[in-house]
Each structure stands twice: as structure tokens, then as C-alpha cells.
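These are the residues of each chain, in order.
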Amino acid sequence: MINIYAQLRNGSFEDSDISGNYWNFRNSDTTQNQISIDHTTFFHGSKSIKLSKGNVQSQLFAHQHFAVSVTRPTKIKIQGFYKSERIGAKGNLYLNIFDSSGKTIGSAHKLFQKNTIGAEWNKVELETIIDSSVTSLVLMLNSLSTDDIWFDDIVAKTITTPPSSTIIDFAHEVMDKIKQQALFADSIDWHQVEANLAVNLSGYSDEKNYEQVVEYFLSELHKVGDKHSFFQNTQQYKDYSTKPAEQAKNQLIAPIGHITKDHIGYIKVPTFGSTYPESVQKFADSLNFLIENIATKKPKGWIIDLSENNGGNMYPMILGLYKLIGDGPILSFVTKEKKTTLALENGTLDHLTLRLPSKPLPNQKIALITSPLTASSGEMTLISFLGRPAVRTFGLKTAGMVTANSFVELSNGSAISLASSYVEDRYHKIYKSSIRPDVELKQAKNIEEVIQTAADWVLETDVSHEFH
């Protein structure tokens, strides 16, 4: 590693007092936000920069413009440390890239979010490739949530060490599997990827860099439209597939439901992220049992809330709703080579069977609630209802992670969940983007308003046309 020409200055904020000294500040709401040099909290030295945000819609960031000079394609790494006291606090490093005329010719960013208890400092790194046409960069330290976030020890470096043979071998393993199994593989310029492989993987030497190798290839997939593929490291994949969900996630979020004041059956289907057999069975059976119990009260119809279901394993979600979906084909997985249809039959879906199945309920009006958080398996669960008689959807459009994913295991025990097929509903409509609800409620102030609108539809008395 060598320092870049005219490197970023005062990254530890030791030369700062009230002003930034090389750093400039942007605060679009000075009544609710504050940016300051903090003398009491720091990672290194005796100072840091503190961003305190009260208005989440406002802009609050520190930025620095600095020159750079390279003679060939080179990896630039921006590294720093951040701290916040609240789980969920988030921000990013954002880099604008300029040529000699001052024109923006590129950008890069790295989002971070605090996911652990405590107020420890966390490392954040942003890597990008620049070439000889680049003459300057602007780095922004952004706060994206209503929290206090501190930044310290920000440095910029070029990475020139070639990747090790271990890294190159692993990269080719990942690349080969993506070429063979990824839905979007044919959209990538693999000749260009291989030509730039050494510079993109520069500085990587051993297994601790494997995740960064996979993320590089995933970034190439994302550039060509793949919104859904993701990586699980060795421990995450082990937890997902071999541990009870209660242990892997600390707690298992179970489906909930009740009879509403309007005598409608309300079911909320949460995210469920596990392939551990006993946990999968437990989730499907608990959802089925919940519906069975509510059905004994003879509800006027049903509301299925998928508004916070951002995915996981679709099989127990769909099977648990068997009594409302009914028998028959529900969706198909479509690739260039084949179409595979998935069907519910007598309480069985693929390899999974309900312990206490009962007959589906006939002629039920069903309202489904969606939002931008409805994603992946949440969207698959939604699609399994589409085309069924007397079904209507309410809320906001979904996230658009509508491909079916398959886990591809890697030699070190980690895995990539690869988008491997499109999904087609029972009327042969293929989904490639967000699913808009039948009744889009952009003006709704909260989820309760959406649910009430859905309830009003369920309670409509003239329903004969709904069952044709």
C-alpha cells in the first residue's frame, strides 16, 4: 500500500476546532441537526467529528475535496471508523469521482448500519477503481438516520499488492458457479471482468478476504439488474441451515392472528429465515393452526398482512396458508432451459407436509397487505394467491426481489444465494419487478388505514362477481 498523491487531509480531525480544517460541512436543517468537532469521544488521538441528526429528511454530512493521480487502473480504499450508541443507526461513505475538467465521471458508496449492542467503534471501508482520467475525489461522511454518529481516523490509500494465488483460485471457483447458475450471468461482460480481476482483487491475500471476493462478483450481478443475490459467510450459512431458528436468530418471530372487530380473520405472516427442518415444520404448522382456530369463528373474510415480510424461506409461509390458498398449481420457476411448477396438494408443498392438514376453505374473500418491505419470499407468498378468486391486494408496491434464489455452496463452507429463475403465477404472468397492489394507498398515514380499507372491501355484500 502507498499513499495516494495529495491524500485526504486531517482524517483524524486533530487539526480541527470549531471548523473542519480541510473538511466542509453541509447541514440543511440547523434547527434540528448539528455537526461539530468532539473533544470527548474519539477512536484515535483526541478528537472526532460528530453528526447529530434530528430531521431524517435533511442533509447532514462532512465532505472533503482532494486530488489524486494514478497512471493505470488502481484500487482506492477509503477506510475509517464510526460509532453510534443506538442499534439501527446508519450512514455511509460516499465518493464522487471527477476528471480534469471537473466533470463527475463516477461515484461509489458504502452503507453501514449499527447492528450490535454497545458503543464500540466499527470499521467501515469503501473500495473503488479509478484510472488515469481521474484527477480528484470528493469524500462525504453522511448521517442517514436520526442519531448521533461519530467518525474518526479517515484515510485514503491506493492498493497495489497483487492478489494471492489462493484468492485467484477462489475467485475462479465463485466465477464459474455464477456463470453456470445465475439468472443474470449472460448479461455480464466476463471478458472485461477477467481482464480487470487482478486490480479489483488487489490487496486480498487469504480466507479473511473471501467475503470481499464474493461481494465483488455480486456487485457485477447487481449492475446488470440482479437485486436479489446475496452472500452468507460460513457461520451465517451454518446457522441458516443446521441450527434451530430459535438459536440462530435468538428468537423465532411467529405468525400472529385474531378476529377483528368487524369479524374478519387477520393473519400477519412475518419473515422466516431458516431451512432447519424442525423449525420449518414448526412455522408452517403454527400458521396453519392459527388459521384453523380463527376459521372456527366463521369470519366474514380474511386479511393477510405481508407488509413486514422481507423474505427468507417461502415454503413454510405458503404451506401454512394452505387452507386459504387451496389445492393446485400456485407458481412456476422459469429459466431459459425449463419451467418447474409448484403445487399445493392435500396439505403438501414439495418436500413439506402439514402435520394436521384439513380441507381448504371455499369462497373466502382474501385481502393481502403489501409494502416496500414485502420482499423475496414475502413476494412469493403474495404471488401464490394471485389469480385465485376473490383476492385483492392493498397497500404499496413491493420491493421487487421477485426472482427465486438457490443456495450455491462454496469450498470454504460459505454460500451464495443466487437469483436463479423468474417466477410465473398461475395465469402465466412472469414477474420481473415490484408488484403493484390492486388498490394502491400512497396517501395512507399508517398501516391501520390500509388494513381498514382492506376490511371495507371484505365487508362489501355484493360479492357474486368475485368468485367467477
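Everything quoted here is computed from the prediction, not taken from an experiment.

Trainee: Residue-level account of the pairing of strand E6 (residues 74–83), with values.
Mentor: Remember that side chains alternate between the two faces of the sheet whenever the strand is regular. Across the ten residues that make up E6, a large majority, ten, are buried. Bridge count between E6 and strand E9 (residues 122–130): nine bridges; the pairing is antiparallel. For Ile78, the partnering residue across the bridge sits in E9 and is Leu126.

Trainee: Hey, could you go over the sheet that holds strand E25 (residues 439–440) for me, with residue numbers and the actual values?
Mentor: Spatial strand order, E13-E14-E15-E20-E21-E25: six strands in an open sheet with mixed pairing. With partners counted over all chains shown, the strands left at the sheet margins are strand E13 (256–259) and E25, one partner each. Of the pairings in the sheet, the one linking strand E14 (residues 265–268) to strand E15 (residues 302–305) comprises four bridges and is parallel in character. Each bridged residue has a counterpart across the sheet, and for Tyr266 the counterpart in E15 is Ile303.

Trainee: Hey, could you go over the pairing of strand E5 (residues 60–67) for me, with residue numbers and the actual values?
Mentor: Direction of pairing for strand E2 (residues 24–27) relative to E5: antiparallel, over a ladder of four bridges. From the neighbouring strand, Asn24 faces E5, where its bridge partner is His63. Looking at chain direction, E5 and strand E10 (residues 134–143) are connected through seven bridges and run antiparallel. In the sheet register, Phe66 faces E10, and the bridge partner there is Leu137.

Trainee: Quick rundown of the environment of Asp15? Include the residues and the values.
Mentor: Its location among the elements puts Asp15 in the loop between strand E1 (2–3) and E2. For the pair formed by Asp15 and Lys47, sequence separation is 32 residues and the distance between their alpha carbons is 9.0 Å. If we ignore the near neighbours within four places in the chain, the residues touching Asp15 are Asn10 and Asn21.

What counts as what
Residues numbered from 1 in each chain as written. Predicted model: local features only at pLDDT ≥ 70, side-chain atom pairs only at ≥ 80, totals over all residues. Heavy atoms only, no water. Buried < 20%, exposed > 50% of the residue type's maximum accessible area, 1.4 Å probe, protein only. Helix = DSSP H or I, 4+ residues; strand = E, 2+ residues; numbered from the N terminus. Pairing = 2+ DSSP bridges. Contact = heavy atoms within 4.5 Å.

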